Amino acid sequence: MSTHSPTLASPHDTNVKLILEWLALAHHNPEQGDATLLQQHLLLLRESPIPAGTRLKVLDLIYQHAEQIVHHELPSLRSTSLPISRSLRQRIRPLLDALSTLTQDYFNSLADFFDPEISKRQAPHTALRRVMQCIAWQIHVAHLSASPPKPGIWQELHAAYSAARKLGIEQDEGPRQGQSIHAIYIGMLLGAIAQPASFNGEEIEFIQAYIQQLANPPGLSSSAGDMPDSTFWVDTEKDTPPNAMVRRPPPASRSILFFSCGQVARQTRALIEALPTSLPPSLPDFARSRAGTAILKRLEALWGSPQKRRFPRRRNSYRVRLWTGFENLWQLARTPANAAESSEWMVTDESPDGYALMHVSGPTRHLKVGDIIAMRTQDDQEAQRPTWQICLVRRALSENPEHIELGVQLLAARATAAEIAQPHDPPLPPTAALILPPTPPLRPNEALILPSGTLQDENAKIIVMIERSNLEIREMRASHLDEQTSTLEVFSVLPDEN
């Protein structure tokens, strides 16, 4: 960023001078606390009675520094456990406030593009692109911190896109062949459909990178057409993300826009089939991994074939104990008397395939989307053989450090601790594993839970060792990969007949 000062309406304008001096010193060295100063200088600019052209130039300089601060802060959110700590929330709160202020100030500048000092075409296009980028950063930070976006933010996004449509600039290419306003808007709608609450921070970053490199983003129309299963709709006058037609029909309104994700689903399928021999240069090598491929398959299904809820939910209210993390669950299954510390949760609703839980008390370390938990009801606490339900964390929502809600998928009513060995040359050391009993009709065979990437060859023989009153040894083979996350893999297994 150039630190050249724009021409000031008055050389004695102290506020603007202070802003420019701060920017000149702070731009190339974003530090903790800069977001608070950013917000303070934005409010200082609001108080300055300066010409529209000068205000917009200073606002653009502040925006460039805001971009530096966002990229400085994002790495701290990518690999944290849930809920996000109080100290980290205190760091990102001023950043979200500053981005919200920037959004409003760019909205307010739209009326100024009639000023003769400002380019008639470039001013609204640049201002609206930056409005959308500030909103995109706010939503992205909310997703990384497993928090709901602030109230009103989707309505701001729809308003910015509607303004660009009215001006006929939504398809204009951005600077340096950057994305158009239409492509940015569609990308954010696709990201919302991807259900970011069901992914961890690193997976969300991968999904965003994938969406940004998609070719031929879907178009928007005021009519639904033949309404295939991949059709979604969005109400541009409401504070809501898009909805799938198969799940919820739209209300009668002129503000409804329709779009189909069929083409991006087909693009995703083509990429999956081309892996691992071909990979777009804009995507990380993670896309070639089993975890990366599993994410792409989930995106293909979410965009191309959204499903209605399989089972109705039943409201409930009873307490359970939770143990989190693969290592803790392995120790729990092996020696229940030496179980690690647990936490207390409230079941708020349930269905045959899972539960919604709300944290009540106790530690929540090692808690991430895609990891497993063991759950036991309070009534079962004194039983001689308590039932430990094994569940997969599918989504998480945390509005503050003291509150977190989970959606979990039931995998099995119990688990057995085991170790596996793989006949390699040279041999690898045994690896901890959990064996799940069959759960027909969903899974007619036993299953094996392993840390991701444990199986070097999915078709090779697996030696399974179970320590009970004596050592039990089985020879098995993986028959199907049932679940895949960045943390673990769940394989259906069969006895090896050879």
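Model, not experiment: these values are computed from the prediction.

> Which parts of the structure should I look at to understand the sheet that holds strand β4 (residues 314–324)?
Around the barrel, which closes on itself, the six strands sit in the order β4-β5-β6-β9-β8-β7 with antiparallel pairing between neighbours. Looking at each pair of strands side by side, their axes are set apart by 45° on average, direction ignored. Across eight bridges, strand β8 (residues 389–400) lies against strand β9 (residues 403–412) in antiparallel orientation. When the bridges of β9 are listed, Arg 395 appears paired with Gly 407.

> What is the right way to read empty space enclosed by the protein from this model?
Where empty space is left becomes clear once a probe the size of a water molecule has been rolled over the atoms. Within the structure shown, the criterion is met by three cavities of 30 Å³ or more. In terms of lining, the largest cavity is formed by 19 residues, of which the most central are Leu 82, Leu 144, Phe 199, Asn 200 and Gly 201. Only α5 (122–144) and α8 (201–212) provide two or more residues apiece to the lining of the largest cavity. For the lining of the largest cavity, the per-class residue count stands at 11 nonpolar, six polar and two charged.

> Any chance you could explain the environment of Ala 337 here in plain terms?
Counting through the fold element by element, Ala 337 comes out in the loop between α11 (326–334) and β5 (343–351). Distance from Ala 337 to Pro 175, taken between C-alpha atoms, is 62 Å for residues 162 residues apart in sequence.

> Whenever I open this one, the pairing of strand β6 (residues 354–361) confuses me. Can you help?
Sheet faces and side chains relate simply in a regular strand, where the side chains alternate between the two faces. Across seven bridges, β5 lies against β6 in antiparallel orientation. Within β6, the residue paired with Glu 350 across the bridge is Tyr 355. Hairpin remark: β5 followed by β6, antiparallel, with two residues in the connecting loop. Note that β6 and β9 share five bridges and pair antiparallel. Each residue of the ladder has a partner; that of Tyr 355, found in β9, is Val 408.

> Please explain the layout of surface pockets as it appears in this structure.
Each pocket or cavity is described by its volume, and for the second largest pocket that value is around 1100 Å³. Along the walls of the second largest pocket sit 38 residues, with Gln 133, Ala 136, Trp 137, Gln 179 and Gln 212 positioned nearest its centre. For the lining of the second largest pocket, the secondary-structure elements that each account for two or more residues are α3 (52–73), α5, α7 (181–193) and α8. With 11 residues, the top contributor of residues to the lining of the second largest pocket is α5. For the lining of the second largest pocket, a count of residues per class yields 17 nonpolar, 14 polar and seven charged.

> I'm lost on the packing of aromatic side chains in this one. Help?
Given two aromatic rings, their pairing is described by the distance between the two centres and the angle made by the two planes. Counting across every chain of the model gives seven aromatic pairs. Ring geometry for Phe 206 against Phe 286: centres 5.1 Å apart, planes inclined by 80°, an arrangement best described as edge-to-face. Here Phe 206, found in helix α8, pairs with Phe 286, found in the loop between α9 (262–274) and α10 (290–304); they are 80 residues apart in sequence, far enough to count as distant. Between Trp 323 and Trp 388 the ring centres are 4.9 Å apart and the planes differ by 80°, which places this aromatic pair in the edge-to-face class. Separated by 65 residues along the polypeptide, Trp 323 in strand β4 and Trp 388 in the loop between β7 (372–377) and β8 bring together distant segments of the chain. For the pair Trp 323 and Trp 388, a shared accessibility class is recorded, and that class is buried.

Rules behind the numbers
- Residues numbered from 1 in each chain as written.
- Predicted model: local features only at pLDDT ≥ 70, side-chain atom pairs only at ≥ 80, totals over all residues.
- Heavy atoms only, no water.
- Pairing = 2+ DSSP bridges.
- Helix = DSSP H or I, 4+ residues; strand = E, 2+ residues; numbered from the N terminus.
- Axes fitted to C-alpha atoms, helices over the stretch in contact; angles between N-to-C directions.
- 1 Å grid on protein atoms, 1.4 Å probe; cavity = no way out; pocket = protein on both sides within 12 Å on 5 of 7 lines; lining within 4 Å.
- Points joined across faces, edges and corners; volume = space filled by probe spheres on them.
- Nonpolar A, V, L, I, M, F, W, Y, C, P; charged D, E, K, R; others polar.
- Phe/Tyr/Trp six-rings, centres within 6.5 Å; stacked < 30°, edge-to-face > 60°.
- Buried < 20%, exposed > 50% of the residue type's maximum accessible area, 1.4 Å probe, protein only.

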